[in-house]
Amino acid sequence: MSVSLEGKTAVVTAAAQGIGKASVLALAAAGARVIATDIARDKLDELKGVAGVTTAELNVLKPDAIAAFAAEHAGSVDILFNCAGVVHNGSILDCSESEWAFAFDLNVTAMMRMIKAFLPGMLDRGAGCIINMSSVASSLKGVPNRFAYQASKAAVLGMTKSIAADYVGKGIRCNAICPGTVESPSLQERMKAQGDYETARAAFIARQPMGRIGQPEEIAELVVYLAGASYTTGQAIAIDGGWTI
């Protein structure tokens with residue numbers, strides 16, 4: 001059954017490429033008015049002219065920028081998709097204090113600030129949907145050499161469930177998406193950084209029992225579903241080609 005988001009306004013972070021961009025297009029196709037945000041102004045410009053989409057430069061690591069952006073759109077946002085994040089490689093012994101801090105700043109604290117900025121308006125209207133980007137590399141599955149990333153994405157799940165529990169009776173739904181390996185510019189960079197691209201790609205593909213890497217559009221379909229799933233909250237939904245079977 002198709003989801004209609006007519007009359008809804010959505011904000012998407014990290015919207016200039018990958019899952020974020022695919023989600024902007026999918027939400028707009030479902031009828032939502034979408035505000036696509038990112039720090040990459042040039043890539044955001046590629047979304048200009050898409051029906052139902054407006055763009056805004058936003059650095060989610062800057063509290064003042066979030067506050068100013070939220071003030072401009074206060075009370076009008078029905079759907080918040082926190083997509084911004086970073087992947088660090090390595091074990092605990094490889095992880096520096098600065099890498100640990102940055103992983104939590106972008107993967108967790110930025111989400112918390114975005115939610116705090118838009119939740120009051122949702123509560124005033126008695127309805128709202130928050131979707132947080134986590135990962136199967138979280139509390140769902142142990143993945144080698146993802147220490148800082150996995151710890152921060154597990155924190156996203158805890159935050160998601162806490163918000164869902166606190167506001168379930170006030171019209172607020174909060175869910176987390178937990179992808180496996182998904183095609184993205186970030187993944188391409190990580191594979192190239194390993195020196196042997198083909199071997200690295202084969203290893204990433206082999207993690208999924210389905211034998212392939214997911215596509216951003218497949219994650220975007222889940223974003224749209226959750227935006228309209230009025231009986232679903234507090235869930236960590238794996239979309240991973242069977243990796244967590």
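Residues numbered from 1 in each chain as written. Predicted model: local features only at pLDDT ≥ 70, side-chain atom pairs only at ≥ 80, totals over all residues. Heavy atoms only, no water.

### Considering the overall build of the protein chain
- Broken down by element type, the protein chain carries eight helices and seven strands.
- Taking 245 residues into account, the globule formula puts the C-alpha radius of gyration at 18 Å, and the protein chain, at 17 Å, falls close to it.
- When the backbone C-alpha atoms are referred to their principal axes, the protein chain occupies close to 50 × 35 × 35 Å.
- For the protein chain, the residues scored as buried account for 49% of the 245 residues in total.
- When contacts within the protein chain are restricted to residue pairs at least 6 apart in sequence, long-range pairs at least 24 apart make up 69% of them.
- Accessible surface computed for the protein chain: about 11200 Å², of which carbon and sulfur atoms make up 55%.
- Here the protein chain holds 21 positive side-chain charges and 23 negative ones, and the gap between their average locations is 4 Å. (Helix = DSSP H or I, 4+ residues; strand = E, 2+ residues; numbered from the N terminus. Rg over C-alpha atoms; globule rule 2.2 N^0.38 Å. Buried < 20%, exposed > 50% of the residue type's maximum accessible area, 1.4 Å probe, protein only. Contact = heavy atoms within 4.5 Å. Areas by Shrake-Rupley, 256 points an atom, 1.4 Å probe, with all protein chains shown as cover. Lys, Arg positive; Asp, Glu negative; His and termini not counted. Charge placed at Lys NZ, Arg CZ, Asp CG, Glu CD.)

### Focus on the packing of helix H4 (residues 97-125) against helix H5 (residues 147-167)
- At their nearest, the axes of H4 and H5 sit 8 Å apart, and the two run at 15 degrees to each other. As far as their axial angle goes, H5 and H4 are roughly parallel. The two elements H4 and H5 cross, and the hand of that crossing is right-handed. Packed against H4, whose contacting residues are Trp-100, Ala-103, Phe-104, Asn-107, Val-108, Met-111, Met-112, Ile-115, Leu-119 and Leu-123, the element H5 presents Phe-147, Ala-148, Tyr-149, Ala-151, Ser-152, Lys-153, Ala-155, Val-156, Met-159, Ile-163 and Tyr-167 at the interface.
- Its residues placed into classes, the contact of H4 with H5 shows 18 nonpolar, two polar and one charged. (Axes fitted to C-alpha atoms, helices over the stretch in contact; angles between N-to-C directions. Parallel < 35°, antiparallel > 145°, perpendicular 65-115°, else oblique. Left-handed = near helix turned anticlockwise from the far one by under 90°. Nonpolar A, V, L, I, M, F, W, Y, C, P; charged D, E, K, R; others polar.)

### Some words on the state of the cysteines
- What the rule picks out here adds up to zero disulfides.
- Here Cys-83 stays unpaired: no disulfide links it, and the sulfur of Cys-178, its closest cysteine neighbor, is 13 Å away.
- Residue Cys-129 stays outside any disulfide, its sulfur separated by 8.2 Å from that of Cys-174, the closest cysteine.
- Note on Cys-129: relative accessible area 2%, which makes it buried. (Disulfide = S-S within 2.5 Å.)

### Side note on the pattern of salt bridges
- This model, assessed by the stated rule, comprises six salt bridges.
- Between Arg-201 and Glu-183 there is a salt bridge, with the nearest N and O atoms lying 2.7 Å from each other. Here Arg-201, found in helix H7 (residues 197-206), pairs with Glu-183, found in the loop between strand E6 (172-179) and helix H6 (185-193); they are 18 residues apart in sequence, far enough to count as distant.
- A residue is classified by how much of its surface remains accessible, and Glu-183, at 15% relative accessible area, is buried.
- A salt bridge links Glu-218 to Arg-212; its shortest N-O distance comes to 2.7 Å. (Salt bridge = Lys/Arg side-chain N within 4 Å of Asp/Glu carboxyl O.)

### Considerations on the pairing of strand E4 (residues 79-82)
- Residue alternation in E4 divides its side chains into two sets, Ile-79 and Phe-81 and Leu-80 and Asn-82, and both sets are buried.
- With three bridges connecting them, strand E1 (residues 9-12) and E4 associate as parallel partners. Counted as the bridge partner of Val-12 is Phe-81 from E4.
- Sheet topology places E4 next to strand E5 (residues 128-133); four bridges connect them, and they run parallel. Opposite Ile-79, over in E5, you have Cys-129 as the bridge partner.
- Between the parallel pair E4 and E5, the chain is carried across by H4, and the sense of this crossover is right-handed. (Pairing = 2+ DSSP bridges. Right-handed = clockwise from strand over helix to strand, strands pointing away.)

### Section: unusual backbone geometry
- The phi dihedral of Ala-14 is positive, around 50 degrees, even though this residue is not glycine.
- Topologically, Ala-14 is positioned in the loop between E1 and helix H1 (18-29).
- Owing to a relative accessible area of 24%, Ala-14 belongs among the partly exposed residues under this scheme.
- Its identity is not glycine, yet Asn-145 carries a phi of approximately 60 degrees, on the positive side.
- Relative to the helices and strands, Asn-145 resides in the loop between E5 and H5.
- You can call Asn-145 partly exposed: its relative accessible area is 45%.

### Overview of the environment of Val-136
- Along the chain, Val-136 falls in the loop between E5 and H5.
- Sequence separation of Val-136 and Arg-146 is ten residues, and the distance between their C-alpha atoms is 11 Å.
- Apart from residues lying up to four places away in sequence, Val-136 is in contact with Lys-141, Cys-178, Pro-179, Gly-180, Ala-238, Asp-240, Trp-243 and Thr-244.

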